[in-house]
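Residues per chain are reported as follows:
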Amino acid sequence: MKKYFLIMKRNIALFVLLTTFSQMVSAQSGRIPDKINDIVHTRLAVSFDYQRCYVYGKEWITLKPHNYLTDSLTLDAKGMDINEVAMQNGNQKTSLKFSYDSLKLRVHLNRTYKTTENYTVFINYTAKPKQRKGIKKNERGIYFINPQGKEKDKPTQIWTEGEPESSSGWFPTIDRPDEKATSEISMTVPAKYVTLSNGRLASQKNNHDRTRTDTWKMDQPNAPYLFMMAVGNFRIYHDHWRGKPVDYYLDPKYAPYAKQIFGETPEAMEFFSKTLGVDFPWNKEAQIAVSDYVSGAMENTTATVFGNPYQASIRELADSYFSAGVEHELFHQWFGDYVTAKNWPNLSLNESFADFGEIIWLEHKYGKDAADEHIESGLQGYLGDKNNSTRPLVNYNIKEPADMFNGVTYQKGGRILNMLRNYLGNDAFYKGLHLYLTTNAFKNAEATQLRLALEQASGRDLNWFFNQWYFGAGHPVLNISYKWEETTKTELVYIEQKQQGQTFKVPLAVDVYSSGKAIRHKIWLGAQRDTLRLKSESEPDLVNVDADKILICQKTDEKSIKEFAYQYFHAPLYLDRLEALEAAGKDLKDSIAQKVILAAINDKFPGLRKKAVTLVRSSDSLFKIIAEPTLIALAQSETNNQTKAEVLHVLARYKDARNLPVFYTALKSESYTVQAAGLFGINEIDPEKAVREAHHLEQDNHGELTEGIFVLYGQKAELVDWPYIHKRFTGGTLQEKIHLLNKFAGFVIKINDSRASQEGIQALTAIGVEYKSVGAAPYILKFLDQIGEAKKKQNDIASVKAVSEATQKINDAK
Ligand SMILES: [Zn+2]
């Protein structure tokens, strides 16, 4: 699963993150329950009630006892009516006694079964996902989007989302990752719709009542949480990889961009197949983008679901930045679907690998700088949550599976695998992964299986590594200082580990630069305080500790700005340059620091150019003057839209009318982000002109440009601009509403018009009510409070009343 993320790199408002991180509860805590029966095959025949959001299901589930004799079967089945349970023997059905408590279906089998005996239980059920009590919106398992077609501009769709334990919301099953079964899913749907599920489309049958029954067969075993269905008006773009179908399903509106959105898939399938030495293991791959998805994306076997960010136009795609979301999900088809984590505490075997898949894809496709930038930003993500430093990667101490979806399982885990790759070397590492995948194919694994495979491939013991990084928590917090001893021609490097908890044993590369050349030393840290004694012909220009920039750590590096500058100009990696740039950013008056920043404005990698430009933003007037010609040149030559926008934003602060042509040119860009920056530039010089330009952009805007227009109009909050603000906000997607929320509420606070104010209050109330269950209410209530205060001052009694009614309504909502 991919946590909520956007193609455009933007910060996401808090409450959307909450929906992802708090998702999905389960009864599992502490000890993992025993396996009594195993599923062999699941055959489903379902139809849908669009009026009531019901699934009418018939299931034939074939099982066998795991090891011991048994006369009973317990299935997970959440929020259903169980209409009939029977033993199916050929054409014969024998009714079975059962009990059901809305979570577990307990069936008394007709006799005792042995492990060598398969048996098939027939269940007639009605799933009522919307009526499940005490279950959060994002745990329903199956979702009906605009089922009655009442919402304008929103497609009617049905789709499922099973991880971690929500598939049992749409069919009775043993909802745990260490069950693996084949499946046959028949969906009867209105004939105008297309369907998608796991495996191959085995048959399509037209019925007399303008419905059609599609049957999908999955002939290889996979876990129930990876089962999926989707129904709707999707256009299919047919691509292929080595003769296998690769299909992209999109809403007709976005279908023309299918190749741009998902077109990397075959190349990534080839790259991963070759890298792992295991060909893509399934019959097909389908990528489907659905509306109102509850997560970022989900790697259902052969049928991956993607959320709203994958419904994008060419212009929105122009703002994308080194993305690997498709590849994250695709890597799961090996790590997660083919070999599955045995239980949620071992989720690393799915998610750390998917995260690692992003890294190697970026490295392959866009180069090492892009991969390293991604590694660094993920590391900051892991470090950003203080709770992460006490969580081991394999974590049995969780209350519910949702607790595992965090920055340790994803970002830290992906970087741990990258350290392993560095330590073992590509050959041994991938040989080990090949062994892991082939040994555990169609089965489950724990971290230990990974260790054994890597040990066998490399011949190296890895207990120390796994104990430290998989079963232990935290990371080194280093202090690094230096001293040159002229008499012995020795550079002393003092490295102290300052973290609480374990002291890490770490292999490190240290490069010593002297007389124009670098000599590499391979060392091990292992004590709380280590002293390296490195011989050198003359005093080094630079000692580069962790020269591969591979270690997961925080560090204070006591290098001079002169040494950092040397690092920027001589050390090869993105992080070498980033560290130097960050050191330079601490003293913008220093001439050496300025030299580094000016060079970095023309760095070969756009991400570093952008960071360098950002530093100029906060500098004093003198350095600003020095930097201006370099910035103007970059504003014209820059090809990366994110970086270009940043340059324009910084130039805007110069309020220099001579730059107006640059800003007007930006308004013609295909990138919304660049257009927004151009608009800001004009606004700094002539706000009236900027507002006039904004009026022309009302018809076609997105992302930052929409936000920019909201900011511009919000400066005066005039009634003439209200119709646009209101329509654009209420007609936007959920993500757009989140991005625009602040600015929209700000406009409502400011505008001195009772009717507009009340319309605004109404729009905010609707969000507060609809998204209360995912944490929206406090934000909306805070805004309403501010609006109430403002309206009092404006003597707008009707709006004050509207605010108190709205507050009540949100408080009363479920
Ligand atoms: Zn994932």
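Residues numbered from 1 in each chain as written. Predicted model: local features only at pLDDT ≥ 70, side-chain atom pairs only at ≥ 80, totals over all residues. Heavy atoms only, no water.

Novice: Break down the overall build of the protein for me, with residues and values.
Specialist: Across its full length, the protein carries 26 helices and 29 strands. Its C-alpha radius of gyration of 29 Å places the protein within 12% of the 28 Å reference for a compact globule of 814 residues. Expressed as a percentage of the 814 residues in the protein, the buried residues total 60%. Accessible surface, the protein as shown: approximately 33,400 Å² in total, 50% of it carbon and sulfur. Charged side chains of the protein number 102 positive and 98 negative; the gap between the two group centres comes to 3 Å. (Helix = DSSP H or I, 4+ residues; strand = E, 2+ residues; numbered from the N terminus. Rg over C-alpha atoms; globule rule 2.2 N^0.38 Å. Buried < 20%, exposed > 50% of the residue type's maximum accessible area, 1.4 Å probe, protein only. Areas by Shrake-Rupley, 256 points an atom, 1.4 Å probe, with all protein chains shown as cover. Lys, Arg positive; Asp, Glu negative; His and termini not counted. Charge placed at Lys NZ, Arg CZ, Asp CG, Glu CD.)

Novice: Describe the pairing of strand E6 (residues 97–100), with residues and values.
Specialist: Inspection of the sheet shows E6 paired to strand E7 (residues 104–113) by four bridges, in the antiparallel sense. Bridge pairing links Lys 97 to His 108 in E7. Taking the residues between adjacent antiparallel strands as the criterion, E6 and E7 are bridged by three residues, where Ser 102 takes a positive phi near 80°. (Pairing = 2+ DSSP bridges.)

Novice: Go over the side chain of Asp 214, please, and point to the residues and values.
Specialist: With respect to the element layout, Asp 214 can be found in strand E14 (residues 211–222). At 2.7 Å, the side chain of Asp 214 forms a polar contact with the side chain of Thr 195. Separated by 3.2 Å, the side chains of Asp 214 and Gln 204 make a polar contact. Those residues in contact with Asp 214 that lie beyond four places of it in its chain are Ile 185, Ser 186, Met 187, Thr 195, Leu 201, Ser 203 and Gln 204. (Polar contact = N/O pair within 3.5 Å; in protein donor to acceptor, adjacent residues only side chain to side chain. Contact = heavy atoms within 4.5 Å.)

Novice: How would you explain the pattern of salt bridges if you had to name every residue and give the values?
Specialist: In the structure shown here, the tally under the stated rule is 46 salt bridges. Where Asp 279 meets Arg 242, a salt bridge forms, and the shortest distance between an N and an O atom there is 3.0 Å. Placement of Asp 279 in the loop between helix H3 (265–276) and strand E18 (285–289) and of Arg 242 in the loop between strand E16 (235–241) and strand E17 (244–250) is noted, with a sequence separation of 37 residues between them. Where Glu 805 meets Lys 801, a salt bridge forms, and the shortest distance between an N and an O atom there is 3.7 Å. With Glu 805 and Lys 801 both in helix H26 (residues 797–812), this residue pair falls four residues apart, about one helical turn. Residue Glu 805 is classed as partly exposed on the basis of its relative accessible area, which comes to 46%. (Salt bridge = Lys/Arg side-chain N within 4 Å of Asp/Glu carboxyl O.)

Novice: Tell me about the sheet that holds strand E3 (residues 70–76), and name the residues and values.
Specialist: A sheet is described by the order of its strands in space; here three strands give the open sequence E3-E7-E6, paired in antiparallel fashion. What marks the edges here is a single partner per strand, and that holds for E3 and E6. Here the average twist between neighbouring strands, direction ignored, is 20°. (Axes fitted to C-alpha atoms, helices over the stretch in contact; angles between N-to-C directions.)

Novice: Could you give an account of the packing of helix H23 (residues 734–750) against helix H24 (residues 754–770), naming the residues involved and the relevant values?
Specialist: Between H23 and H24, the least distance of the axes is 10 Å, while the angle of their chain directions is 150°. Considering their axes alone, H23 and H24 lie roughly antiparallel with respect to each other. The handedness of the crossing between H23 and H24 is left-handed. Here Lys 737, Leu 741, Phe 744, Ala 745 and Val 748 of H23 come into contact with H24, specifically with Ser 757, Gly 760, Ile 761, Ala 763, Leu 764 and Ile 767. Each residue belonging to the contact of H23 with H24 can be placed in one class, and the counts come to eight nonpolar, two polar and one charged. (Parallel < 35°, antiparallel > 145°, perpendicular 65-115°, else oblique. Left-handed = near helix turned anticlockwise from the far one by under 90°. Nonpolar A, V, L, I, M, F, W, Y, C, P; charged D, E, K, R; others polar.)

Novice: Residues and numbers for helix H16 (residues 621–637), please.
Specialist: In this model H16 runs 24 Å from its N-terminal to its C-terminal C-alpha over 17 residues, within 8% of the 24 Å that 1.5 Å per residue would give. Along H16, the helix axis deviates most sharply at Ala 627, where the bend reaches about 45°; the proline Pro 629 sits within four residues downstream. Here H16 has its buried residues at Phe 623, Lys 624, Ala 627, Glu 628, Thr 630, Leu 631, Leu 634 and Ala 635. Here the buried face of H16 lies against helix H14 (591–601), helix H15 (606–617), helix H17 (641–652) and helix H18 (660–666). (Expected span 1.5 Å × (residues − 1). Bend = angle between axes of the 7 residues up to and from the residue.)

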